[in-house]
Amino acid sequence: AQSVTQLDSQVPVFEEAPVELRCNYSSSVSVYLFWYVQYPNQGLQLLLKYLSGSTLVKGINGFEAEFNKSQTSFHLRKPSVHISDTAEYFCAVSASSYNTDKLIFGTGTRLQVFP
Amino acid sequence: DAMVIQNPRYQVTQFGKPVTLSCSQTLNHNVMYWYQQKSSQAPKLLFHYYDKDFNNEADTPDNFQSRRPNTSFCFLDIRSPGLGDAAMYLCATSRAAAGTEAFFGQGTRLTVV
C-alpha cells in the first residue's frame with residue numbers, strides 16, 4: 001500500500017531564507033507524487049507533481065521538488081520564502097483504486113515565515 | 001472562474017440533526033471525492049464517485065452517505081452528526097486517469113453544537 005511521511009510538523013523560517021519541506025513515500029509500484037498547499041480556511045491547491053521523466057519538478061510560486069527513487073523522497077524546496085508562503089503543505093501519493101486513482105496525504109507541514 | 005464550488009462555506013448543525021453539504025463542478029470531471037479534514041490533520045478520504053459508481057472507503061462510518069444526481073453535483077449527507085464529526089469537509093474532482101491531479105473546493109467547515 002502507498003503512504004507518505006512528512007517528517008516535520010512545523011518549519012519556522014525567516015523571510016528570504018531558503019526552505020526544504022521533507023516527504024518520504026512508500027510504494028511497491030510506480031508512483032505519482034504531489035505537493036499541495038492549503039491556506040487557512042481554504043481548500044488545497046496543487047503546487048507541483050511528479051509523474052515521470054525529469055526528477056526535478058518546478059511548480060508555482062517558485063517552489064520545486066526533487067524525486068529521489070533510491071531514497072524514496074520527494075522534498076519540496078524554495079530558495080527564498082515570502083511571508084505569503086505561510087501555509088500548510090501536504091505531500092501526497094496517488095494510490096490506485098479499482099476504477100481510478102485516489103490521493104493519500106501525509107500529515108502536513110506547517111510553514112511559518114517570519115519577517 | 002471557480003471550478004469546484006462548495007456550499008455553504010460554514011455550517012452549524014445540532015447534535016443528531018441531519019445535515020447536507022453540497023459540491024458542484026464546472027470541469028466535467030468523471031470523479032468526485034469527499035474528504036474529511038480535522039484540525040491540524042491530513043485530509044482523509046471518505047468516498048468517491050466514478051461517474052455514478054460509488055466507492056466507499058472501508059473505515060468510513062455508516063453515518064456518512066453521499067449522492068451524485070448528475071456529473072456536476074455531489075452531496076455529503078451526515079445522518080446523525082456527533083461532536084466528533086466537526087471538521088472541514090473538502091470536495092475534489094479529477095479526470096479518471098492515472099496520476100491526474102485533484103481540484104479542490106474551498107471546503108465547508110462544519111460545527112456541531
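The following refers to the structure shown.

What follows concerns the state of the cysteines. Taken as a whole and judged by the stated rule, the model has 2 disulfides over all chains. Cys23 of chain A shares a disulfide with Cys91 of chain A; S-S distance 2.0 Å. An S-S torsion of about -65° defines the bridge between Cys23 of chain A and Cys91 of chain A as left-handed. Placement of the pair is Cys23 of chain A in the loop between strand E3 (19-21) and strand E4 (24-26) and Cys91 of chain A in strand E10 (residues 87-96), with a sequence separation of 68 residues. Accessibility classification places Cys23 of chain A together with Cys91 of chain A in one group, the buried group. The disulfide partner of Cys23 of chain B is Cys91 of chain B, and the S-S distance across this bridge is 2.0 Å. Because the sign of the S-S torsion sets the handedness, a value of about -75° for the bond joining Cys23 of chain B and Cys91 of chain B places this disulfide among the left-handed ones.

Here the focus is the interface of chain B and chain A. Facing the 30 residues of chain B at the interface are 23 residues of chain A. Both sides together, the interface formed by chain B and chain A hides about 2000 Å², and carbon and sulfur atoms give 49% of it. For the interface between chain B and chain A, the tally reads 2 salt bridges. Lys102 of chain A serves as the salt-bridge partner of Glu57 of chain B, at 3.0 Å between the closest nitrogen and oxygen. Along the contact surface separating chain B from chain A lie 8 residue pairs in polar contact (both at pLDDT 80 or more). If you list the elements that add at least two residues to the side of chain B that touches chain A, you get strand E4 (31-37), strand E5 (44-50), strand E6 (53-56) and strand E9 (87-94) of chain B. In terms of residues, the side of chain B that touches chain A owes the most to one element, E4 of chain B, which gives 4 residues.

What follows deals with empty space enclosed by the protein. What the rule picks out here adds up to 1 cavity of 30 Å³ or more. Considering only enclosed or pocket space, the largest cavity measures out at about 40 Å³ in volume. For the largest cavity, the full set of lining residues is Ser94, Asp101, Lys102 and Leu103 of chain A together with Tyr33, Ser94, Thr100, Glu101 and Ala102 of chain B. Residue contributions to the lining of the largest cavity peak at 3 residues, all from strand E11 (residues 101-105) of chain A. Taken together, the residues of the lining of the largest cavity break down into 3 nonpolar, 3 polar and 3 charged.

For the rest of this paragraph, the subject is the nonpolar core. All names here are of chain A. Trp35, Leu48, Leu76 and Tyr89 are the most contacted members of the largest nonpolar core, which totals 27 residues. Sort the elements by how many residues they give to this core and E10 lands first, with 4 residues. The residues contacting Tyr89, other than those within four sequence positions of it, are Gln6, Leu21, Trp35, Tyr36, Val37, Leu47, Phe63, Leu76, Gly108, Thr109 and Leu111.

Our next topic: the layout of surface pockets. Looking at the largest pocket, its volume works out to about 410 Å³. Around the largest pocket sit 21 residues that line it, and Leu44 and Gln45 of chain A together with Phe104, Gly105 and Gln106 of chain B are the ones nearest its centre. Mapped onto the lining of the largest pocket, the elements with two or more residues apiece are strand E5 (33-38) and strand E6 (44-50) of chain A together with strand E1 (4-7) and strand E10 (103-104) of chain B. Of the residues belonging to the lining of the largest pocket, the class tally is 12 nonpolar, 7 polar and 2 charged.

Residues and elements named next belong to chain B. Sheet architecture is open: 4 strands sit in the order E1-E3-E8-E7, paired in antiparallel fashion. Only two strands of the sheet have a single partner each, and these edge strands are E1 and strand E7 (64-67). Direction aside, the axes of adjacent strands within the sheet are offset by 20° on average. Bridging between E7 and strand E8 (residues 73-78) involves 4 bridges; their strand directions are antiparallel. Each bridged residue has a counterpart across the sheet, and for Ser66 the counterpart in E8 is Leu76.

Calculation rules
- Residues numbered from 1 in each chain as written.
- Chains lettered and ligands numbered in written order.
- Predicted model: local features only at pLDDT ≥ 70, side-chain atom pairs only at ≥ 80, totals over all residues.
- Heavy atoms only, no water.
- Disulfide = S-S within 2.5 Å.
- Helix = DSSP H or I, 4+ residues; strand = E, 2+ residues; numbered from the N terminus.
- Buried < 20%, exposed > 50% of the residue type's maximum accessible area, 1.4 Å probe, protein only.
- Contact = heavy atoms within 4.5 Å.
- Buried area = accessible area lost by both parts, 1.4 Å probe.
- Salt bridge = Lys/Arg side-chain N within 4 Å of Asp/Glu carboxyl O.
- Polar contact = N/O pair within 3.5 Å; in protein donor to acceptor, adjacent residues only side chain to side chain.
- 1 Å grid on protein atoms, 1.4 Å probe; cavity = no way out; pocket = protein on both sides within 12 Å on 5 of 7 lines; lining within 4 Å.
- Points joined across faces, edges and corners; volume = space filled by probe spheres on them.
- Nonpolar A, V, L, I, M, F, W, Y, C, P; charged D, E, K, R; others polar.
- Core = buried A, V, L, I, M, F, W, Y, C linked by side-chain atoms within 4.5 Å.
- Pairing = 2+ DSSP bridges.
- Axes fitted to C-alpha atoms, helices over the stretch in contact; angles between N-to-C directions.

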